[in-house]
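Residue-level listing of the chains:
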Amino acid sequence: MENKFDLEAFKAKAKQEKKETRKIFSDLKKRKAKILDQEFATAHDEVFAEFNCLSCANCCKTAGPRLLQNDIDRMAKHLRLKPGDFMDQYVKIDEDGDWVMNQLPCPFLAEDNYCSIYEVRPKACREYPHTNRNRMHQILNLTEKNASLCPAVFEISRKLKAQ
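These lines cover the structure that appears in this document, whether it is placed above or below. (Residues numbered from 1 in each chain as written. Predicted model: local features only at pLDDT ≥ 70, side-chain atom pairs only at ≥ 80, totals over all residues. Heavy atoms only, no water.)

Some thoughts on the environment of N52
How we decide: Put simply, DSSP marks the helices as runs of H or I at least four residues long and the strands as runs of E at least two long, and each gets a number from the N terminus on. Polar contacts, as counted here, are pairs of nitrogen or oxygen atoms within 3.5 Å of one another; within protein the pair requires one atom able to donate a hydrogen and one able to accept it, and residues that are adjacent in sequence qualify only if both atoms are side-chain atoms.
If you trace the backbone, N52 turns up in the loop between α3 (33–48) and α4 (58–62). Looking at N52, its side chain comes within polar contact range of the main-chain nitrogen of L54, at 2.9 Å.

The structure is reproduced here in structure tokens:
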């Protein structure tokens, strides 16, 4: 994948191939958990050896992370705010009852796709797109959803299809 990523073309392709993605993930659910973890780890490393998240940042533009109290405390301290003031300014409760950023794109996303609070970013951001973790079978539904948001997850799913 190249450095200047065409996000609109990706969105169109992901939409066009939604049925194929659904089939891939349906098939992945039939694989043994330990093997699935190994396959995801390998595909993750291969894709991220070529893909630069800074060329896209669609996750920061369209999907707010779930925030934990530790995240809020850490970000507030970094911004020299009290946690309550940070929450008033940046946080809302979503339909699932989780704390999330109150606006999208993320208010900490700069025009060059860099995160202005990268060193203290939320745990969910540090771990996204969650394709290099153990027990992938537990989050296949989330990963399928992420395949329409994240070009890297989309490519990882295509590599796994071929196996």
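A word on the environment of P129
Stated precisely, the cut-off is as follows: Only heavy atoms enter the contact rule, under which two residues are in contact if any of them lie within 4.5 Å.
With respect to the element layout, P129 can be found in the loop between α7 (123–127) and α8 (140–146). For the pair P129 and R74, spaced 55 residues apart in the sequence, the C-alpha separation amounts to 21 Å. Sequence-distant contacts of P129, defined by excluding residues within four places in its chain, comprise F48, N146, C150 and V153.

Some points on the sheet that holds strand β2 (residues 91–93)
Inclusion rule: Any two strands with at least two DSSP-identified bridges between them are counted as paired. Helix axes are fitted only over the stretch in contact, all axes being lines through C-alpha atoms; the angle between N-to-C directions runs from 0 to 180 degrees.
Taken in spatial order, the 3 strands make up an open sheet running β1-β3-β2, and their pairing is antiparallel. In this open sheet, the two edge strands, each paired with only one partner strand, are β1 (66–67) and β2. Where helix α6 (residues 83–90) meets the sheet, its contacts fall on β2 and β3 (99–101), and the angle it forms with β2 comes to roughly 75°.

Section: unusual backbone geometry
It is generally the case that most residues other than glycine have a negative phi and that most peptide bonds are trans. Formally: The classification of residues rests on relative accessible area computed with a 1.4 Å probe and restricted to protein chains. Under 20% of the type maximum is buried, over 50% is exposed, and intermediate values are partly exposed.
Going from L104 to P105, the amide bond is cis rather than trans, its omega being -5°. Counting through the fold element by element, P105 comes out in the loop between β3 and α7. Residue P129 follows Y128 across a cis peptide bond; omega there is 10°. Positive phi is not limited to glycine here, since H130 has a value of about 65°. Mapped onto the secondary structure, H130 falls in the loop between α7 and α8. A positive phi angle, near 65°, is found at R135, a position not held by glycine. Assessed through its relative accessible area of 47%, R135 is described here as partly exposed.

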